[in-house]
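Commentary on secondary and tertiary structure
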Amino acid sequence: MERKVRVRFAPSPTGPLHIGGVRTALFNYLYAKRNGGEIILRIEDTDSNRFVPGAEDYINEAFAWLGIKFDEGVREGGAYGPYRQSERRDIYRDYVKRLLDAGKAYIAFDTPQELEAKRSEIPNFQYDAKTRGGMRNSLTLSADEVKSLIDSGEKYVVRFLVEPDCKVVVNDLVRGEVTVNSSVLDDKVLYKSADDLPTYHLANIVDDHLMKITHVIRGEEWLPSAPLHVLLYEAFGWTDTMPQFVHLPLLLKPDGKGKLSKRDGDRLGFPVFPLEWKDPKTGEISSGYRESGYLPEAVINFLALLGWNPGTDKEIMSMDELISQFSFGHCSKSGAKFDFEKGKWFNHKYLQELPDDKLAEMYMPLLSAHGHGDADPAMVTRVVSLVKGRINFVRDLWEQSKFFFEAPTEYAEKDVRKRWKDGMPQIMEELIGVLDGISDFSSAASEPIVLGWIAEKGYHLGNVMNAFRLTVVGECKGPHMFDITEILGKAETIRRIRKGIEEIKSC
RNA sequence: GGCGCUUUCGUCUAGCGGUUAGGACGCGGCCCUCUCACGGCUGAAACACGGGUUCGAUUCCCGUAGGCGCUACCA
């Protein structure tokens with residue numbers, strides 16, 4: 001029977017959501033939506049030691065910004081809650097008991113210190129069929145001993161009993177069949193004594209089963225424990241509804257080796273988190289894509305193409321297009337190095353798609369910060385239309401357009417040397433006269449007049465125009481000259497040429 | 001160390017037995033042009049290695065090497 005597709009993204013609230021986690025969530029989302037299914041956000045807070053306040057809110061805010069909407073979750077509600085694992089203790093206890101009663105799990109009293117001692121004493125020590133007979137557990141102790149130990153308040157964990165030498169097959173939608181021998185698996189702790197909570201493995205299987213998850217889509221770091229999960233489904237007798245597994249390739253460091261980590265962002269100067277994050281303990285701030293000027297659509301598009309492709313040359317795709325094209329058949333198997341330059345390119349592309357007035361609106365706070373909050377919106381929109389082609393971020397707008405708002409106070413030495421030749425001040429004086437005589441200062445009307453004057457005088461077009469530009473912009477770059485002067489107006493243009501004649505010293 | 005996954009330009013990747021090995025980012029050149037960008041065109045740049053299988057391997061299989069992950073009462 002075909003079950004309705006249900007997937008989940010299950011982060012633990014141990015800090016800000018890593019960009020690799022965002023990518024995993026995105027693939028879950030795309031697959032679910034592509035197949036008319038549902039996506040659940042489950043908070044896996046079964047490690048009370050690593051719990052970080054604020055992390056859960058961060059996760060919700062990040063997905064809201066990115067445009068990934070969950071069908072069920074702590075905030076969204078749903079028929080399969082609670083969606084926070086710390087609120088499901090009773091459920092887990094019940095399922096652990098089932099395993100215990102069925103003889104598929106056992107109680108172990110070994111303390112962390114005892115285990116530590118074993119590990120340093122025996123190389124490659126593993127708690128399994130070979131070694132469990134020499135440990136303190138309900139398999140080696142008599143029922144009476146176990147009972148009295150428990151009654152006396154002795155701490156214990158519950159371990160999964162792994163039968164040795166069995167072939168375990170994990171069926172993975174992107175990797176095919178992955179086979180391991182159960183002897184390489186250890187008797188994993190399913191229930192911890194330290195915080196009276198299950199481990200990831202137990203909670204994960206129980207919740208996925210109860211929440212009717214059909215596809216477990218997660219990072220490749222989980223592949224080694226997937227056989228254990230398969231064994232757990234078998235132990236519970238849930239093999240007929242066991243989800244399909246998909247292990248996604250990891251996001252790797254742009255340089256060097258290893259998977260992308262928090263440190264890489266600080267080191268290489270790009271964010272590894274969707275939103276800025278302030279560590280509640282240390283006060284340390286980690287930059288986010290949102291605060292760095294990224295458009296959420298660009299981040300989504302960029303991330304989608306890391307480890308997946310539509311099978312065509314198309315690269316710029318909206319969320320809806322991604323959804324309609326998505327499949328695991330086009331997922332790659334090997335890790336992808338994080339290419340920050342390409343990320344910038346995506347943002348550049350998406351910025352170009354924005355309407356000018358919208359971009360202008362996004363520019364306003366920055367303009368205000370530079371003391372130009374009173375700028376005319378129509379003028380700003382026009383400015384933005386002229387310079388947007390050269391920006392990767394909204395913040396680049398200032399560097400590219402500040403001369404529209406402030407007269408240059410210094411002049412690029414290199415350009416002065418090249419364009420401010422002897423006699424140029426004199427020609428600029430003439431230019432002032434020509435400009436002063438123009439009544440319609442629009443680009444279209446003024447350009448032929450100035451160009452005509454240059455031609456008539458036999459001046460060098462490039463030299464005169466660049467000297468002109470130097471006085472108005474401060475350097476030889478920027479949009480079409482007459483588009484600039486149209487916005488500046490006659491008075492300001494002439495004022496700047498005069499200022500230039502005064503201040504530019506030829507070399 | 002053990003176990004598993006993986007391997008096409010510097011990077012992200014297309015390719016699913018026969019291709020001049022394609023695209024994108026970045027880099028170089030040309031065009032456009034008053035400048036710098038944008039844009040258009042274009043150039044350099046890859047099948048890790050060794051065995052098989054096959055008429056034929058980038059493609060399938062096996063090794064080797066490299067890379068990555070896991071190896072906790074963390075997820």
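1. Structural notes on the packing of aromatic side chains
Following the criterion strictly, the structure yields 27 aromatic pairs and no others. Relative to Trp-238, the ring of Tyr-233 lies with its centre 6.5 Å away and its plane at 65°, an arrangement referred to as edge-to-face. The residues Tyr-233 and Trp-238 share a single accessibility class, namely buried. Among the aromatic side chains, those forming a connected cluster through ring pairs are Phe-270, Tyr-289, Tyr-294, Phe-302, Phe-338, Phe-340, Trp-345, Phe-346 and Phe-393. Above the plane of the ring of Phe-27 lies Arg-23, whose end atom (NZ or CZ) is 5.0 Å from the centre. A cation over an aromatic ring shows up here: Arg-159 above the ring of Tyr-127, its NZ or CZ 3.7 Å from the ring centre.

2. Description of the environment of Tyr-106
In this fold, Tyr-106 is placed in strand β4 (residues 105–108). The exposure class assigned to Tyr-106 is buried, which follows from its relative accessible area of 1%. In this structure the C-alpha to C-alpha distance between Tyr-106 and Asn-137, which are 31 residues apart in sequence, comes to 7.2 Å. Apart from the residues lying within four places of it in its own chain, the contact partners of Tyr-106 are Leu-100, Tyr-127, Arg-132, Asn-137, Ser-138, Leu-139, Val-157, Val-158, Arg-159, Phe-160, Leu-161 and Asp-187. In terms of polar contacts, Tyr-106 uses its side chain to reach the side chain of Asp-187, at 2.5 Å.

3. Some details on the environment of Phe-482
Note that Phe-482 resides in helix α19 (residues 481–488). A relative accessible area of 2% means that Phe-482 is categorised as buried. Separated by 68 residues in sequence, Phe-482 and Lys-414 have C-alpha atoms that sit 23 Å apart. Beyond its immediate chain neighbours, meaning those up to four positions away, Phe-482 contacts Ser-443, Ser-446, Glu-447, Val-450, Leu-451, Met-465 and Phe-468.

4. Thoughts on the nonpolar core
With 113 residues, the main nonpolar core has Phe-63, Phe-338, Val-380, Phe-404, Phe-405, Met-428 and Phe-468 as its most contacted residues. Ranked by residues supplied to this core, first place goes to helix α1 (residues 19–34) with nine residues. Those residues in contact with Phe-405 that sit more than four places away from it in its chain are Tyr-363, Leu-367, His-372, Ala-375, Met-379, Val-380, Val-383, Trp-398 and Arg-496. Membership of the second largest hydrophobic core comes to 32 residues, among which are Ile-40, Leu-99, Ile-205 and Leu-228.

What counts, and where the lines are drawn
For every chain, the first residue of the written sequence is number 1, and numbering continues from 1 along that sequence. Lettering for chains starts from A, numbering for ligands starts from 1, and both go in the order in which the items are written. Note on the predicted model: pLDDT of at least 70 is required for a residue's local features to be given, and 80 or more for side-chain atom pairs to be given and counted; whole-chain, interface and lining totals, by contrast, use all residues. Derived side-chain values reflect all non-hydrogen atoms in the structure, with water molecules and hydrogen atoms excluded from consideration. Only Phe, Tyr and Trp rings take part, Trp by its six-membered ring, and two of them pair if their centres are within 6.5 Å. Stacked means planes under 30 degrees apart, edge-to-face means over 60, and tilted covers everything else. Using a 1.4 Å probe on the protein chains alone, a residue whose accessible area is under 20% of its type maximum counts as buried, one over 50% counts as exposed, and one in between counts as partly exposed. Whether a charge sits over a ring depends on NZ of Lys or CZ of Arg being within 6 Å of the ring centre and within 35 degrees of the ring normal. Secondary structure is summarised from DSSP: a helix means a run of H or I of at least four residues, a strand means a run of E of at least two, and numbering begins at the N terminus for each. Note on definitions: a residue-residue contact is assigned when non-hydrogen atoms from the two residues lie within 4.5 Å. Between N or O atoms, a polar contact is any pair within 3.5 Å; within protein, one atom must be a potential hydrogen donor and the other a potential acceptor, and residues adjacent in sequence are included only when both atoms are from side chains. The nonpolar core is taken to be a set of buried Ala, Val, Leu, Ile, Met, Phe, Trp, Tyr and Cys residues, with the residues joined through side-chain atoms within 4.5 Å.

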